[in-house]
Amino acid sequence: MTHTAINMSEKLAAFSGLWSPKIVAAFNGHDVMVVKVQGEFNWHSHPDTDDLFFVLAGRLTIQMRDGDVVLGPGEMYVVPKGVEHCPRADEETHLIIIEPTGTPNTGDPETAVIKTKI
């Protein structure tokens, strides 16, 4: 067992791709990931799990059918399971996302990106 802090800035500097979450840690069956986003993702939902977004830098709008949530640095929001949503970032935005291991980022395993560890 190592006792080393995880530096999110270093992890984010290690890749450039957008909308491709990178696993930085795991706990209790969940993946802790960093991701860079810009533009609009796709409308989707997760029928079996909530979706946690924590903004490190930039600005994220989580569009939902009944209204939007806008997040800035240091803010987070949990989209309840089953709620259709579409994340959008007008500028490059850096996030922490926490999901149960194996959760497809699009809500559909057929179209989901393969998450890798860094």
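The written sequence of each chain sets the order in which its residues are numbered from 1. Where totals are concerned, whole chains, interfaces and linings use all residues; where local detail is concerned, this predicted model gives features only for residues with pLDDT of at least 70, and gives and counts side-chain atom pairs only at 80 or more. Side-chain measures here rest on the full set of heavy atoms in the structure, leaving out hydrogens and waters.

Let's shift gears to the overall build of the chain. If you tally the helices and strands in the chain, you get 1 helix and 8 strands. In DSSP terms, a helix is any run of H or I states spanning at least four residues, a strand is any run of E spanning at least two, and both are numbered starting from the N terminus. Written out in order from the N terminus, the α and β elements of the chain read α-β-β-β-β-β-β-β-β. Radius of gyration (C-alpha) of the chain: 14 Å, near the 13 Å computed for a compact globule of 118 residues. Expressed along its principal axes, the backbone C-alpha trace of the chain runs to roughly 45 × 30 × 25 Å. Exposure classes here rest on a 1.4 Å probe applied to the protein chains alone. A residue is buried below 20% of its type maximum, exposed above 50%, and partly exposed in between. Relative to its 118 residues, the chain shows a buried fraction of 41%. Radius of gyration here is computed from C-alpha atoms only, and the compact-globule reference equals 2.2 Å multiplied by the residue count raised to the power 0.38.

Moving on to the side chain of Thr49. Within the secondary structure, Thr49 sits in the loop between strand 2 (30-40) and strand 3 (51-57). Contact definition: two residues touch when any of their heavy atoms are within 4.5 Å. If we ignore the near neighbours within four places in the chain, the residues touching Thr49 are Lys81, Pro100 and Thr103.

This paragraph deals with the environment of Val55. Along the chain, Val55 turns up in strand 3. Assessed through its relative accessible area of 0%, Val55 is described here as buried. With 19 residues separating them along the chain, Val55 and Gly74 place their C-alpha atoms 5.7 Å apart. The contact partners of Val55, leaving out residues within four places of it in the chain, are Leu60, Leu71, Gly72, Pro73, Gly74, Glu75, Thr93, His94 and Leu95.

Moving on to the nonpolar core. Residues belong to one nonpolar core when they are buried, are Ala, Val, Leu, Ile, Met, Phe, Trp, Tyr or Cys, and are joined through side-chain atoms within 4.5 Å. Counting 17 residues, the largest nonpolar core has Val37, Phe53, Leu60, Ile62, Leu71, Leu95 and Ile97 as its most contacted members. Put simply, the parts of the chain that give this core at least two residues each are strand 2, strand 3, strand 4 (60-64), strand 5 (67-71) and strand 7 (85-100). In this structure, Leu12, Val32, Val34 and Ile96 belong to the second largest nonpolar core, which totals 6 residues.

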